[in-house]
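# Secondary and tertiary structure notes
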Amino acid sequence: MTEFLRDKHIQYVKDLDSKITQKSYEYWLSEHLRMNGLYWGVVVLVTLDVLEETLPKKDVFTYIESCWDSTQGGYGSFPGHDAHILSTLSAIQIQAIYQKEVEELDFPHKNEVVSYIKGLQRENGSFQGDTFGEIDTRFTYTAINALSILGELDTELVSKGVDFIMKCENFDGGFGMVPGAESHAAQVFVCVATLSITSSLHLIKNKEILCEWLSERQVLPSGGLNGRPEKLPDVCYSWWVLSSLSILDKLSWIDDKKLKEYILGCQDELGGGFCDRPGNQTDVFHTCFGIAGLSLLESLEQDSAGGPVLNPVDPTYCMPYSTTKKFRKWPYDKK
Ligand SMILES: [Zn+2]
């Protein structure tokens, strides 16, 4: 089996930073994803335990502040861009991950961010991503995730949000983007994780059917996971499917050895990083979810000092447990 190329992945994320400094063509093409890209890179580095020395906090926080949209009270993906709920969550997550030493997390613009996010909830409980009004269960998860990190979830918002999520549950056990939409592994993750944050997992009608649907995502002989029936496997589904099974306590329902082989086979042996399936171009999105997925698999080796190779990632938040334990204290916490 291919080994885990730790040092190459660190170098890969470092090189991304220099590509950004060189302002290449890809750099301009990916402007709308820059804040999310930063979060994916930060998750890789913190999972490999090399965050601060690779991406200094001061530079990262200066960048985040430059994306603050004072008109709307949220973060854009890039300086001058309008705020969006996705880049706002990424900004909050990055700020939380870097606050290693503190007991209570602290966020600049906290009150504005809270009212910005709460203002995106609609009457039917769903959330829109920005002022243009697109609805998606992804945005419900994003809102509830961010508000839980900020310690600002309230009963009415949660109850309406959870009602909307439950309207997106399908007869096959999965969840879709909006009521009546086809089940998809990424939507299952956002819905299950929202139910986990709000201590509402008991509302799932049939956990067995849902977990069967999730375990059927494993494609043989490759061992990789797909997002829907009949689709090709893809490394990012290692995260969406595994995290859902982990939250539901059914990780053993997939063949972890085969999956680990598949994920490791998606590494770029020369330049580091992961791609969606063997031989394709690497990117920071698949690198993040490949490594986060590996962190959920118990069969990883130990490093030479006997410690884990990867810092454990909280499946509900895709952030290290060392961060999430700081805010998993609100009344909705099941623990
Ligand atoms: Zn993918």
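What comes next is a walk through the structure. Computed from a predicted model, the values in this text were never measured in an experiment. (Residues numbered from 1 in each chain as written. Predicted model: local features only at pLDDT ≥ 70, side-chain atom pairs only at ≥ 80, totals over all residues. Heavy atoms only, no water.)

### Side note on the packing of aromatic side chains
Our working rule: A pair of Phe, Tyr and Trp rings is counted when the ring centres sit within 6.5 Å of each other, with Trp represented by its six-membered ring. The angle between the planes then sorts it: under 30 degrees is stacked, over 60 is edge-to-face, the rest tilted. Note on conventions: DSSP H or I runs of at least 4 residues are helices, E runs of at least 2 residues are strands, and numbering of each starts at the N terminus. Relative accessibility under 20% of the residue-type maximum defines a buried residue, over 50% an exposed one, and the middle range a partly exposed one, all with a 1.4 Å probe and only protein chains included. Here, a charge over a ring means that NZ of Lys or CZ of Arg falls within 6 Å of the ring centre while also lying within 35 degrees of the ring normal.
Summed over all chains, the structure comprises 10 aromatic pairs. Aromatic pair Trp240 and Phe289: ring centres 4.8 Å apart, planes at 40°, arrangement tilted. Residue Trp240 is located in helix H12 (residues 236-247), and its partner Phe289 is located in helix H14 (residues 284-296); the two are separated by 49 residues in the primary sequence. Here Trp240 and Phe289 have matching classes, each one buried. Ring geometry for Tyr317 and Phe327: centres 5.0 Å apart, planes at 80°, overall edge-to-face. Here Tyr317, found in the loop between strand S3 (313-314) and strand S4 (319-320), pairs with Phe327, found in the segment after helix H15 (321-324); they are 10 residues apart in sequence, far enough to count as distant. For the residue pair Tyr317 and Phe327, the accessibility class agrees, reading buried in each case. Above the ring of Phe61, the side-chain terminus of Lys57 is found at 5.3 Å from the ring centroid.

### Details of the coordination of the zinc ion
Stated precisely, the cut-off is as follows: A donor here means any N, O or S atom no more than 2.8 Å from the metal (3.2 Å for Na, K and Ca); water is not included, so a site may seem to lack partners. Irregular is the default label, applied whenever a site is not tetrahedral (four donors, all angles between 85 and 135 degrees) and neither square planar nor octahedral (four or six donors, opposite donors over 155 degrees apart, all other angles between 65 and 115).
Listed as protein donors to the zinc ion are Asp234 (OD), Asp234 (OD), Cys236 (SG) and His286 (NE2); their distances from the metal cover 2.1 to 2.5 Å. Angles of 56 to 117° at the metal separate the 4 donor atoms of the zinc ion, which places the site in the irregular class. Coordination of the zinc ion draws on donor residues from a single chain, spaced D-x1-C-x49-H in sequence. A residue pair is termed long-range when its members are at least 10 positions apart, and Cys236 in helix H12 and His286 in helix H14 qualify at 50 residues.

### Quick look at the pattern of salt bridges
Inclusion rule: Salt bridges are counted wherever a side-chain nitrogen of Lys or Arg sits within 4 Å of a carboxyl oxygen of Asp or Glu.
Under the defined criterion, the tally for this structure stands at 9 salt bridges. In this structure, the salt-bridge partner of Asp136 is Arg138, at a minimum N-O distance of 3.3 Å. Under the relative-accessibility criterion, Asp136 is labelled buried at 3%.

### Section: helix H11 (residues 207-215)
Selection rule: When checking whether two residues touch, look at their non-hydrogen atoms; a contact exists if any pair is within 4.5 Å. For the purposes of these results, a polar contact is taken to be a pair of N or O atoms within 3.5 Å, where, inside protein, one atom must be able to donate a hydrogen and its partner to accept one; residues adjacent in sequence count only when each atom of the pair is a side-chain atom.
Turning to H11, its buried residues number three or more, namely Leu210, Cys211, Trp213, Leu214 and Ser215. Those residues of H11 that are buried are in contact with helix H10 (185-197) and H12. Measuring from the side-chain oxygen of the N-cap residue of H11 to the backbone nitrogen of Glu208 gives 3.1 Å; that N-cap residue is Asn206.

### Examining the side chain of Asn226
Relative to the helices and strands, Asn226 resides in the loop between H11 and H12. For Asn226, the side chain forms a polar contact with the main-chain oxygen of Arg228, separated by 3.1 Å. Among the polar contacts made by the side chain of Asn226, one reaches the main-chain carbonyl oxygen of Lys231 at a distance of 2.9 Å. Apart from the residues within four sequence positions on either side, Asn226 is in contact with Ala185, Arg217, Val219, Lys231, Leu232, Pro233, Tyr237 and Val241.

### Section: the packing of helix H6 (residues 85-98) against helix H8 (residues 137-149)
What counts is decided by this rule: Angular values range over 0 to 180 degrees, each being the angle between N-to-C directions of two axes fitted as lines to C-alpha atoms, with helices fitted over their stretch in contact. For a crossing to be left-handed, the near helix must be turned anticlockwise from the far one by less than a right angle; the clockwise case is right-handed. The residue classification treats Ala, Val, Leu, Ile, Met, Phe, Trp, Tyr, Cys and Pro as nonpolar and Asp, Glu, Lys and Arg as charged. All others, Gly included, are polar.
Running from N to C, H6 and H8 cross one another at 30°; their axes reach a closest spacing of 9 Å. For the pair H6 and H8, the sense of crossing is left-handed. Along its contact with H6, which presents Ile85, Leu86, Leu89, Ile92, Gln93 and Ala96, the element H8 presents Arg138, Phe139, Thr142, Ala143, Asn145, Ala146 and Ile149. The class makeup of the residues in the contact of H6 with H8 is 9 nonpolar, 3 polar and 1 charged.

### Focus on the nonpolar core
For the record, the criterion: What makes a nonpolar core is a set of buried Ala, Val, Leu, Ile, Met, Phe, Trp, Tyr and Cys residues whose side-chain atoms join them at distances within 4.5 Å.
Counting residues in each nonpolar core, the largest one holds 104 residues, and the members touching the most others are Phe4, Ile94, Ile117, Ile149, Phe175, Trp239 and Trp240. Broken down by element, the residue count for this core peaks at 10 residues, all from H10. Residues in contact with Ile117, not counting those within four places in the same chain, are Ile85, Thr88, Phe127, Ala143, Ala146 and Leu147.

### Concerning the environment of Tyr39
Assignment of secondary structure puts Tyr39 in helix H3 (residues 34-47). Here Tyr39 is in contact with Ser90, Gln93, Ile94, Tyr317 and Cys318, once residues within four sequence places are set aside. Reaching out from Tyr39, the side chain makes a polar contact with the backbone oxygen of Cys318 at a distance of 2.7 Å.

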